[in-house]
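So you can see what is in the structure, the chains are spelled out below.
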Number of protein chains: 2
Amino acid sequence: MESIKRTKIAEVLKRTDFGTLVNVKGWVRTRRGNKQVGFIALNDGSTINNVQIVVDLTKFDEAALKDVTTGACLSVNGVLTASQGSGQAIEIQATAIEVLGACDNSYPLQKKGSSMEFLRSIAHLRPRTNTFGAVFRIRHNMAMAIHTYFHQKGFYYFHTPIITASDCEGAGQMFQVTTMNLYDLKKDEKGSIIYDSDFFGKQASLTVSGQLEGELAATALGQIYTFGPTFRAENSNTPRHLAEFWMIEPEVAFADLDELTALEEDFIKYCVRWALDNCRDDLEFLNKMIDNGLIARLESVVDTEFVRLPYTEGIKILEQAIAGGRKFEFPVYWGCDLASEHERYLVEEHFKKPVIMIDYPKEIKAFYMKQNADGKTVQGTDVLFPQIGEIIGGSVREENYDKLMARIEELHIPMKDMWWYLDTRRYGTCPHAGFGLGFERLLLFVTGMSNIRDVIPFPRTPRNAEF
Amino acid sequence: MESIKRTKIAEVLKRTDFGTLVNVKGWVRTRRGNKQVGFIALNDGSTINNVQIVVDLTKFDEAALKDVTTGACLSVNGVLTASQGSGQAIEIQATAIEVLGACDNSYPLQKKGSSMEFLRSIAHLRPRTNTFGAVFRIRHNMAMAIHTYFHQKGFYYFHTPIITASDCEGAGQMFQVTTMNLYDLKKDEKGSIIYDSDFFGKQASLTVSGQLEGELAATALGQIYTFGPTFRAENSNTPRHLAEFWMIEPEVAFADLDELTALEEDFIKYCVRWALDNCRDDLEFLNKMIDNGLIARLESVVDTEFVRLPYTEGIKILEQAIAGGRKFEFPVYWGCDLASEHERYLVEEHFKKPVIMIDYPKEIKAFYMKQNADGKTVQGTDVLFPQIGEIIGGSVREENYDKLMARIEELHIPMKDMWWYLDTRRYGTCPHAGFGLGFERLLLFVTGMSNIRDVIPFPRTPRNAEF
């Protein structure tokens, strides 16, 4: 077979220089036809669209084509031709076909319409399907949008540690990391495990957040963001939880509450706009096959100004709704942690646009949030989105050493391994703020997929670490 | 103090609209002066350069300035002025100064010239130094270069899993991940730990490479790259080893050896050129303070065509050198794993340019590398750089199922948990190739730093997981 430089299918589909001999390589999605002519739909992952290979069967040896089956990998030379059929502008009239890799009929992706559950069990092959090809191309694009956004704004990408020996959020939901021989654990006379022989010389675990280290960086480099894996050993088998997920956590020196909410809104709009501008084919496929409201929902977010809603006002609106006859499963009162139904009422029914809720009761938020003068609320922010609820959680941080320590003592937070965090408030402390975005939450919103296990290549969940 | 919108110092230093009232915020690097006038060097992390704040002491209350000490955080209003002194084009004549955060004299960064060892012990504060500010800004830029390069080439960023229950490189150097109560391990009648109660229902560990999962993705999406943390539980206390480091692993369907080496060369040149184009101030600082040959070395890499050197020819060159009287510590013979001294001889003395060595003896390379027709060598590649040695390791992958299995059996590699990897060779296999780049190795080269613990924010090494 003549050697011709390969053209990616995404590129070949845009060409109009009909009559040119081209080479494409990819995997057979379908093969159909009759005795005179065969049609092969070939895909190479560069786009959701297949290129149609037309095979004049009078010119090809049947034996040479017997391995051209669903899933087989081909190299095809052929003439770029204006397509006769509808649905595509070009096709390739094959002049030579080489089977690079055959695919027998035990191939699990032979039939269409496999369930999402089944596809999860073959997560090593599901990127070859239309849906997961689209999802993972969008996943790439959202990561690129995030890096580009922060780079253009002068933020620095900062790698916070994955393995940590100091964490204040409680060890119950953390994965322990060890190199000790579990068959020969050394213990002291009280029966306590001696961690001296462990790799780090002390007990270590996987990070649940890079925020605290991110604050160290922001108070030196000015503006930083993290983008890395994060772990929760929660035994939650739900469509919204992963044991291993990716988080983005920007942190900004000198930012106040208004600047924080402006950043949150601008950032998320930028990402959604990037998807609309750069992932059109994949979004249209998902809009057709997965969620008919997807593109309209994405467009509505980009075009709308988000509401700023103090928690106290939010409670009033919910109480008025209840007074007006609206029923909720969970009670509403000042100080309650809003349930998903409350958030969705505010976003989808009352305001009909994304809401950034601010100034939460300090009791339901983390110790590090900046305390308001009222003594009751803190400068926390949750960005609430239609369909998925909270997509971003952030806050202005309490930069005053005494106020922070008072809160830490009030809550009995063990800080003995956290002296370094407190140093930021001891030495040249500065106002700062930041937020966290669960990358897979963003992807649920942007792809319309309904299970978080379907927006990450290899989901880790209770009893599942395959591949 | 009048509220004026903050300007970043990187931007203020470029402005020429003298006479304008501006606000800057940042940390005091130094304060000096006499009774009439004070000079404050202020830095906000946006650039290595400080802005000089000039304080007319006849106009300021002394008490208001007593907290303006090294490390303090300030907000300064002042008039943008053409600088009288040399070394900077602009300065700010202060009209008002607010101390946002004081800094007492226990601040560990008060004195200049701290050792690298000492700075590692205060890794939470070292980003506030010139050297580490420069290093971490360059670190950000190299990450951005990598994402931009691959995005422009049509690669997709693919997140391979961090926690894995299947790995073929041997558990000895891996970190175990568990949620089991180590005080109450369940064992069966033979005394084996029952992992059924562990989070994943089986033994799990931290990934040592995303390559195998990357191959799954490349044989579906065409071209992918990973960029994520990777772990080795090696008890190596050297300036070249980390227990937690970041790796970049691109994988390309349909690529052969020539395309692989072309990608390796083009990629690394792109990154180095990005540093020269975008990190000039930081590089000049490092060139002056850390390594006088840095910028010249970076420029030479960008301007040079890399040598392609088959291993067998490399051995001949080394043998000729030995015959000519060159002494090496380690022996040279066909089949030996080249030592650092051999690689450096080839790169720094013989060719005086980067070398991509190819076609290694199969015995010294991994099982998955594509076997050459000679039956002795495989299509592995190492990119060898001046000063640091191997910076990239890659290979064409063996895509033939039978050849791959033969090698796996020859080497007794346990593949029972790796059925999914072999499926890529069973279903529509295709030629493909990829490489791995240790991100911190790249940073050693680009920054001129000599210890790998100084190019990652919070290094994890034996007995060290602080911060």
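Use the structure listed above.
Predicted, not measured: the structure shown is a model, and the values here were computed from it. (Residues numbered from 1 in each chain as written. Chains lettered and ligands numbered in written order. Predicted model: local features only at pLDDT ≥ 70, side-chain atom pairs only at ≥ 80, totals over all residues. Heavy atoms only, no water.)

Q: How would you explain the overall build of chain A if you had to name every residue and give the values?
A: Secondary structure assignment for chain A yields 13 helices and 16 strands. With the C-alpha coordinates of chain A rotated into their principal frame, the extents come out at 85 × 65 × 45 Å. Sequence separation of 24 or more characterises 66% of the internal contacts of chain A that already satisfy a separation of 6 or more. Carbon together with sulfur atoms contributes 48% to the accessible area of chain A, which is approximately 18,500 Å² in total. Separation of charge centres in chain A, based on 52 positive and 62 negative side chains, amounts to 5 Å. (Helix = DSSP H or I, 4+ residues; strand = E, 2+ residues; numbered from the N terminus. Contact = heavy atoms within 4.5 Å. Areas by Shrake-Rupley, 256 points an atom, 1.4 Å probe, with all protein chains shown as cover. Lys, Arg positive; Asp, Glu negative; His and termini not counted. Charge placed at Lys NZ, Arg CZ, Asp CG, Glu CD.)

Q: Before we move on, could you go through the relation of the copies chain A and chain B and cite the residues and values that matter?
A: The two copies are related by a screw motion: chain A maps onto chain B through a turn of 180 degrees and a shift of 0.0 Å along the axis, at an RMSD of 0.0 Å. Taken together, these values place the two copies in the relation of a two-fold axis. Residues of chain A ranked by C-alpha distance from the rotation axis are headed by Val177 of chain A, positioned 2.4 Å from it. The residues that chain A uses at the interface reappear at the interface of chain B in 100% of cases, marking a shared surface. (Least-squares fit on C-alpha atoms with pLDDT ≥ 70 in both.)

Q: Give a description of the interface of chain A and chain B that names residues and reports values.
A: The partner chain B presents 114 residues to the 114 residues of chain A that form the contact. Interface area, chain A with chain B, both sides summed: about 9,200 Å², of which 64% is carbon and sulfur. In this structure, Lys202 of chain A and Glu466 of chain B form a salt bridge, with 4.0 Å as the shortest nitrogen-oxygen distance. Here chain A is connected to chain B by 43 residue pairs in polar contact (both at pLDDT 80 or more). Per-element accounting of the side of chain A that touches chain B gives the leading share, eleven residues, to helix H4 (residues 130–152) of chain A. (Buried area = accessible area lost by both parts, 1.4 Å probe. Salt bridge = Lys/Arg side-chain N within 4 Å of Asp/Glu carboxyl O. Polar contact = N/O pair within 3.5 Å; in protein donor to acceptor, adjacent residues only side chain to side chain.)

Q: Run through the nonpolar core, naming residues and quoting values.
A: If you look at the biggest cluster of nonpolar residues, it comprises 262 residues, and the most contacted ones within it are Met142 of chain A together with Met142 of chain B. When sequence neighbours within four positions are dropped, the list of residues in contact with Met142 of chain B reads Cys271, Trp274, Ala275, Phe439, Leu442, Leu443 and Val446 of chain B. (Core = buried A, V, L, I, M, F, W, Y, C linked by side-chain atoms within 4.5 Å. Buried < 20%, exposed > 50% of the residue type's maximum accessible area, 1.4 Å probe, protein only.)

Q: Help me get a handle on the pattern of salt bridges, residues and values and all.
A: Evaluated as defined, the whole model comprises 52 salt bridges over all chains. For Asp282 of chain A, the salt bridge is made with Arg137 of chain A, and the minimal N-O distance between the two is 3.0 Å. Residue Asp282 of chain A is located in helix H7 (residues 280–289), and its partner Arg137 of chain A is located in helix H4; the two are separated by 145 residues in the primary sequence. Here Asp282 of chain A falls in the buried class, since its relative accessible area comes to 7%. Across the salt bridge formed by Asp266 of chain B and Lys153 of chain B, the nearest N and O atoms sit 3.3 Å from each other. In this pair, Asp266 of chain B is assigned in helix H6 (residues 257–278) and Lys153 of chain B in the loop between helix H4 (130–152) and strand E6 (156–157), connecting sequence segments 113 residues apart. On the basis of relative accessibility, which here comes to 35%, the residue Asp266 of chain B falls in the partly exposed class.

Q: Quick rundown of the sheet that holds strand E11 (residues 244–253) of chain A? Include the residues and the values.
A: All names here are of chain A. Here we have eight strands laid out as an open sheet, ordered E6-E10-E11-E16-E15-E14-E13-E12, and mixed in their pairing. Each of the sheet's edge strands pairs with one partner strand only, and the pair in question is strand E6 (156–157) and strand E12 (307–310). Relative to strand E16 (residues 432–438), strand E15 (residues 389–396) is paired through five bridges, and the arrangement is antiparallel. Residue pairing for E16: Gly394 is matched across the bridge by Phe435. Relative to strand E10 (residues 223–231), H4 is tilted by about 150 degrees, and along the sheet it contacts E6, E10 and E11. Packing of helix H10 (residues 340–351) onto the sheet brings it into contact with E12, strand E13 (355–361), strand E14 (377–385) and E15, and relative to E13 it is tilted by some 140 degrees. (Pairing = 2+ DSSP bridges. Axes fitted to C-alpha atoms, helices over the stretch in contact; angles between N-to-C directions.)

Q: Can you tell me about the sheet that holds strand E2 (residues 37–43) of chain A, naming the residues and giving the values?
A: Residues and elements named next belong to chain A. The sheet built from five strands closes into a barrel, its strands ordered E1-E2-E3-E5-E4 with mixed pairing. Between one strand axis and the next, the sheet turns through 55 degrees on average, direction left out of account. In this structure, strand E1 (residues 21–33) lies alongside strand E4 (residues 73–82), joined through seven bridges in antiparallel fashion. In the strand pairing of E4, Gly26 is matched with Leu74.

Q: Tell me about the environment of Ala321 of chain A, residues and numbers included.
A: Residues and elements named next belong to chain A. Within the element layout of this structure, Ala321 appears in helix H9 (residues 311–323). Here Ala321 falls in the buried class, since its relative accessible area comes to 10%. Between the alpha carbons of Ala321 and His350 there is a distance of 9.2 Å; along the sequence they are 29 residues apart. Leave out the neighbours within four places in its chain, and Ala321 touches Arg326 and Tyr345.

Q: Go over the packing of aromatic side chains, please, and point to the residues and values.
A: Enumeration according to the criterion identifies 60 aromatic pairs over all chains in this entry. On the numbers, 6.0 Å between centres and 40 degrees between planes, the contact of Phe132 of chain A with Phe136 of chain A is tilted. You can see Phe132 of chain A and its partner Phe136 of chain A sitting in helix H4, four residues apart, about one turn around the helix. For the pair Phe132 of chain A and Phe136 of chain A, one class covers both residues: buried. When the ring of Phe367 of chain B is compared with that of Tyr421 of chain B, the centres are 6.5 Å apart and the planes differ by 75 degrees; the resulting orientation is edge-to-face. With Phe367 of chain B in the loop between strand E13 (355–361) and strand E14 (377–385) and Tyr421 of chain B in helix H12 (residues 419–426), this residue pair connects regions lying 54 residues apart in the sequence. We note that Phe367 of chain B, like Tyr421 of chain B, is buried. Of the aromatic side chains, those joined through ring pairs into one cluster are Phe132, Phe136, Phe458 and Phe467 of chain A together with Phe158, Phe367, Tyr368, Trp419, Trp420 and Tyr421 of chain B. For the cation-ring pair, Lys365 of chain B lies above Tyr360 of chain B, with the distance from its terminal atom to the ring centre recorded as 4.2 Å. (Phe/Tyr/Trp six-rings, centres within 6.5 Å; stacked < 30°, edge-to-face > 60°. Lys NZ or Arg CZ within 6 Å of the ring centre and 35° of its normal.)

Q: Residue-level account of the side chain of His342 of chain A, with values.
A: Residue and element names in this part refer to chain A. Examined against the element boundaries, His342 turns out to sit in helix H10. One polar contact links the side chain of His342 to the main-chain carbonyl oxygen of Phe330, over a distance of 3.1 Å. Setting aside anything within four residues of it in sequence, one finds His342 in contact with Leu318, Phe328, Phe330, Pro331 and Val332.

Q: I'd like a description of the packing of helix H8 (residues 294–303) of chain A against helix H13 (residues 439–447) of chain A, backed by residues and values.
A: Viewed as axis vectors pointing N to C, H8 of chain A and H13 of chain A meet at an angle of 115 degrees, and their least axial separation amounts to 8 Å. Counting all contacts with H8 of chain A, which are made through Leu294, Arg297, Leu298 and Val301 of chain A, the residues of H13 of chain A involved are Phe445, Val446 and Thr447 of chain A.

Q: Describe the pairing of E13 of chain B, and please don't skip the residues or the numbers.
A: All names here are of chain B. With seven of seven residues buried, E13 lies mostly within the body of the structure. Strand direction decides the pairing type here: E13 and E14, joined by six bridges, are antiparallel. Bridging from a neighbouring strand, Pro361 pairs with Thr377 of E14.

Q: Describe helix H12 (residues 419–426) of chain A, naming the residues involved and giving the relevant values.
A: All names here are of chain A. Extensive coverage of H12 is indicated by the burial of six of its eight residues. Among all positions of H12, only Trp420, Tyr421, Leu422, Asp423, Thr424 and Arg425 are buried. As for H12, its buried residues are in contact with helix H5 (211–221), helix H11 (401–410) and E16. Immediately downstream of H12, the backbone of Gly428 shows phi near 60 degrees, a positive value.

Q: Can you explain unusual backbone geometry? Please cite residues and give values.
A: A positive phi angle is found at Lys352 of chain A, which is not glycine, with a value near 55 degrees. Structurally, the position occupied by Lys352 of chain A is in the loop between H10 and E13.

Q: Tell me what's going on with the packing of H7 of chain A against H8 of chain A, and back it up with residues and numbers.
A: Residues and elements named next belong to chain A. With their axes 8 Å apart at the nearest point, H7 and H8 run at an angle of 125 degrees to one another. Judged by the angle between their axes, H7 and H8 are oblique. When H7 is examined against H8, the residues Arg280, Leu283, Glu284, Leu286 and Asn287 are found in contact with a partner set consisting of Leu294, Ile295, Leu298 and Glu299. (Parallel < 35°, antiparallel > 145°, perpendicular 65-115°, else oblique.)

Q: Break down the side chain of Thr81 of chain B for me, citing the residues and quoting the values.
A: All names here are of chain B. If you trace the backbone, Thr81 turns up in strand E4 (residues 73–82). Using a relative accessible area of 18% as the deciding quantity, one classes Thr81 as buried. Setting aside residues no more than four positions away along its own chain, Thr81 makes contact with Phe18, Ala89, Ile90, Glu91 and Gln93.

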